[in-house]
Amino acid sequence: TANKEMILKAFNKLFKTGDTRFMHQLSDEELAAFSKKPVQYFIPWRVVYNDSPTTPVRPVLDASTGTRKRSDGTGGRCLNDYVVKGKIESLNLVRLALGFSVGLAAVSGDLSQFYYSFKLRPQQWNLQRFLWREGLDPDSPVLEGVIGALIYGVTCVSAQTETAMEILATLVEDKYPAVAEFIRKKRYVDDMSKSARFMQELKKLVQEADIVFQMVGLLCKAWVYSGEDPPDNVTMVGGAVKLAGQRWKPKLDVVEIPIPGLHFGKKQRGKLADNTEIFIGTFADLDKFTPKNLNRKQVASKMGSWYDLMGKYSPLLGGVKLDMRKTVQNTKAWTDPMPDFLRSKWLKNFWLIEQLRGLKYQ
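Residues numbered from 1 in each chain as written. Predicted model: local features only at pLDDT ≥ 70, side-chain atom pairs only at ≥ 80, totals over all residues. Heavy atoms only, no water.

### Observations concerning a positive patch on the surface
Logical step 1: A cluster of basic residues, Lys 9, Lys 13, Lys 16 and Arg 58, forms a positive patch on the protein surface.
Logical step 2: Sort the elements by how many residues they give to the positive patch and helix H1 (residues 2-16) lands first, with three residues.
Logical step 3: Its location among the elements puts Lys 16 in helix H1. (Patch = residues over 30% accessible without salt bridge, like charges linked within 9 Å, V, L, I, M, F, W, Y side chains within 5 Å. Areas by Shrake-Rupley, 256 points an atom, 1.4 Å probe, with all protein chains shown as cover. Salt bridge = Lys/Arg side-chain N within 4 Å of Asp/Glu carboxyl O. Lys, Arg positive; Asp, Glu negative; His and termini not counted. Charge placed at Lys NZ, Arg CZ, Asp CG, Glu CD. Helix = DSSP H or I, 4+ residues; strand = E, 2+ residues; numbered from the N terminus.)

Written out as structure tokens, the structure is:
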């Protein structure tokens, strides 16, 4: 199936780096470093779906899932129970979005396989083992593998990567001060963006950044400039790229707040069921589409399904928030149907939101 092919493609990305390997592929020295340790932790894995053009399905190794308890009562814990989160002060999404907006020209970049670029010593591989079947074939033998790099979902990796990036910025700030500031203040995890008065300043910054990143094995998927078409490998439908929770169309240099299609289905691991109906039509069609017994949980879900970091729609949606408050006051439980007068208000709110979809801001 298409889903199976996407999952295999996503895993193949991990195998190609050389840091995800099976036990029979390891050297004797590597095996000796971890295989005899008393703790051998196998991370459960699953997949989640998103609208990324490069990774529509992403394998998630879930370090928060506890192991089964043994007969003696021990076990039942997970890797995240034993690692520390640390204090992270370098990540500021609002600063990134504001810094992107102020200049006449802009650039955006996305570091490829960011967490996977940070390697673990073989002595730590006992904590990042996994199970696999070739081709996801249930009849294939179970293979045991190790992941020799940081992975998304382990509590400590954010502090580890941010510390490493600060070390990198310190090492290069004398020779490349603009890159050091770029790493420290114009980056949110693997997303980077900056605006300036002149495009030449940004082009020079990118050249220097590529030199610095290459020094430590980091690679930018693509650099996207205002006034230019974005590269295909980072382009979403309609010529947009993701940026701080927004969709940026660099050719026209406009941003759009993504509003998901109106539906009353359920997502599982980020993916809607294939038979979920998405609303398309007039206001009269909306009345027929919306459940007659509309409840508090459904409207709260719709309001929480999209993200407006810069508050572009706040002047319009103040009344919607008041209606949410009235809905809470007039229902006892999350799944209780709301009164008809409130359902009528929410039909108008849904229609208002439909009219906002696709609105562009310079």
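Moving on from the model shown.
### Some details on the nonpolar core
One recurring pattern in soluble globular proteins is that nonpolar side chains are buried together.
Logical step 1: Of all hydrophobic cores here, the largest spans 58 residues; its most connected members are Phe 114, Met 165, Leu 168, Ile 183, Phe 213 and Trp 223.
Logical step 2: When residues of this core are assigned to their parent elements, the largest contribution, seven residues, is made by helix H6 (residues 199-215).
Logical step 3: With sequence-adjacent residues up to four places away left out, Phe 213 is seen in contact with Leu 111, Met 165, Leu 168, Ile 183, Met 192, Leu 218 and Trp 223.
Logical step 4: In this structure, Trp 248, Ile 257, Leu 262 and Tyr 361 belong to the second largest nonpolar core, which totals 34 residues. (Core = buried A, V, L, I, M, F, W, Y, C linked by side-chain atoms within 4.5 Å. Buried < 20%, exposed > 50% of the residue type's maximum accessible area, 1.4 Å probe, protein only. Contact = heavy atoms within 4.5 Å.)

### Focus: helix H9 (residues 314-329)
Think of an α-helix as turning once every 3.6 residues; residues three or four places apart then point the same way.
Logical step 1: With 16 residues, H9 extends 22 Å between its outermost C-alpha atoms, agreeing within 8% with the 22 Å of an ideal straight helix rising 1.5 Å per residue.
Logical step 2: The inward-facing, buried residues of H9 abut helix H8 (296-303) and helix H10 (340-356). (Expected span 1.5 Å × (residues − 1).)

### Structural notes on a nonpolar patch on the surface
Logical step 1: Together, Ile 211, Met 215 and Val 216 give the surface a local cluster of nonpolar side chains, amounting to about 270 Å² of exposed area.
Logical step 2: Residue position: Val 216 is located in the loop between H6 and strand E9 (220-225).

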